[in-house]
Amino acid sequence: AIHAYVPGKASLDARPVVAKLSSNENPFGPSPKAVAAMTAVLGASHLYPDPASTALREALAARHGIEAAQIICGTGSDELIHLVAGAFAGPGDEVLYVRYGFAVYDIAARRVGAVPVVAPDVDYTCDVDAVLAAVTERTKVVFLANPNNPTGTLISAAEVRRLHAGLPADCVFALDAAYAEFAEGEYEDGLALVKAFPNVVALRTFSKIYGLAAQRVGWAYAAPALIDAMHRIRAPFNVPATGQAGAIAALADVDWVEKTRAHTIAWREWLAGEVEALGNAGLRAIPSAANFVLVEFAEDGPLTAAAANAALLEDGIIARYLAVQAMPRCIRISVGTEGETRAAAESLRRFVGGVAG
Ligand code: PLP
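Residues numbered from 1 in each chain as written. Predicted model: local features only at pLDDT ≥ 70, side-chain atom pairs only at ≥ 80, totals over all residues.

With an unreviewed UniProt entry as reference, the protein is termed Histidinol-phosphate aminotransferase, source organism Sandarakinorhabdus glacialis. Per UniProt, the protein carries the Catalytic activity (unreviewed entry) text "L-histidinol phosphate + 2-oxoglutarate = 3-(imidazol-4-yl)-2-oxopropyl phosphate + L-glutamate". In its Subunit (unreviewed entry) section, UniProt records this for the protein: "Homodimer." (UniProt positions renumbered as here; feature names shortened; annotations may be inferred.)

## Thoughts on the UniProt feature "modified residue: N6-(pyridoxal phosphate)lysine" (unreviewed entry) in the protein
Mapped onto the present numbering, the UniProt feature "modified residue: N6-(pyridoxal phosphate)lysine" (unreviewed entry) falls at K208. Among the structural elements, K208 can be located in the loop between strand 9 (200-205) and strand 10 (217-222). The residues touching K208, leaving out its near neighbours within four places in the chain, are N24, N26, A178, Y179 and N291. (Helix = DSSP H or I, 4+ residues; strand = E, 2+ residues; numbered from the N terminus. Contact = placed C-beta atoms within 7 Å.)

## Regarding the pairing of strand 4 (residues 71-75)
Counted residue by residue, strand 4 has 5 buried out of 5 residues, so it is predominantly covered. Bridge analysis of strand 4 against strand 10 gives 5 bridges, and the strand direction is antiparallel. Note on strand 10: the bridge partner recorded for I71 is Y221. (Buried ≥ 20, exposed ≤ 12 C-beta atoms within 10 Å, placed from the backbone. Pairing = 2+ DSSP bridges.)

## Focus on the packing of helix 1 (residues 32-42) against helix 9 (residues 241-252)
Helix packing geometry: the angle between the two helix axes and the distance between the axes. Contact pair helix 1 / helix 9: the axes reach a minimum separation of 8 Å and the direction vectors enclose 150°. The pairing of helix 1 with helix 9 is recorded here as roughly antiparallel in orientation. Of the two possible hands of crossing, helix 1 and helix 9 adopt the one that is right-handed. Two secondary-structure elements touch here, helix 1 through K33, A34, A37, M38, A40, V41 and L42 and helix 9 through A241, T242, A245, G246, I248, A249, A250 and A252. Here the contact of helix 1 with helix 9 is composed, by residue class, of 12 nonpolar, 2 polar and 1 charged. (Axes fitted to C-alpha atoms, helices over the stretch in contact; angles between N-to-C directions. Parallel < 35°, antiparallel > 145°, perpendicular 65-115°, else oblique. Left-handed = near helix turned anticlockwise from the far one by under 90°. Nonpolar A, V, L, I, M, F, W, Y, C, P; charged D, E, K, R; others polar.)

## Focus on the sheet that holds strand 12 (residues 292-297)
Taken together, 4 strands build an open sheet; the order of strands is 11-12-15-14 and the sheet is antiparallel. Only two strands of the sheet have a single partner each, and these edge strands are strand 11 (283-286) and strand 14 (320-321). Two elements, strand 14 and strand 15 (residues 330-334), share 2 bridges in a ladder whose sense is antiparallel. Bridge pairing in strand 15 places Y321 opposite I331. This element, helix 11 (residues 305-314), spans strand 12, strand 14 and strand 15 of the sheet and lies at about 35° to strand 15.

## A few points about the site of the ligand
Taken together, 13 residues surround the ligand, and among them G76, D78, N149, T205 and S207 come closest. Per-element accounting of the shell around the ligand gives the leading share, 3 residues, to helix 3 (residues 76-88). Taken together, the residues of the shell around the ligand sort by class into 4 nonpolar, 7 polar and 2 charged. (Near = placed C-beta within 6 Å.)

If you want it as structure tokens, here you go:
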């Protein structure tokens, strides 16, 4: 059954929603400063928004030390993914990504008549050699989410650079860093690559750590020629005024972002530990560098991911069962508040105990 979730509606069929942990959102919500900034512009809703998202691009440029003219904002990074496919690939071309990559890459490729090509992974992680082996003269775009969704896996900065170095010069490398702020250690978010090479697009979003998923704000950074090609096919008024104002304020609220980051990393590791403790029942947590944990159920184990998902739903916990993404043995659980994350782990433990015991 498909369970639709209506924001603000407190029930899931007849049951109360205890935690919505299905879309990797910020469990604390948007920064109150972002809410105030969005509220302040509501009265001007009869006016079209700035079509160029000028103030937001300037704020991003100042924050990241990059050129505002080389930034394009989009209706979430979803739109930017479609713009990359539309600007750089067409019928007969190939768009390449890793198996268990972000679902929109496939949609974006098909939408423009290109052929989606999937490179094999290694244990849910990008295999750079396999990606490079899948490149042909028709490959026009390579998408890589790092950290990846729905797996949470990360490849090192050196591996990202090795992947880029192996691509032909006429192939666009779109590095989707939607979860950049949760990655630790040596990490390549793509901005430095863009400065050095003309064929890289770095993609970012305000939907995750910044807590603005409903406002639909994303941005891309690339060489001027690539940004120009993307501008030519975008909707003129793609980012709403509330989104632009909210994103600027969210960017400035460093404390809110830091609180979310610290909380998420701590509770992600806690949740992964809880899952690993159920290893005897065939559960495994895939190591995650994002704000969620992918839980895999052993093929020959006593339990199925489908049953676990149903049990969680019975307890009012909305996770993401990944059968539609060809991962029938997996559910993905976003890190929620402490209470939500504990409730999810408790529900999972009860399910395992109930079936195994
Ligand atoms: N890229 C990745 C890897 C994601 O996981 C998501 C959302 O889940 C997106 C892009 C799109 O985010 P949005 O369109 O909300 O910016």
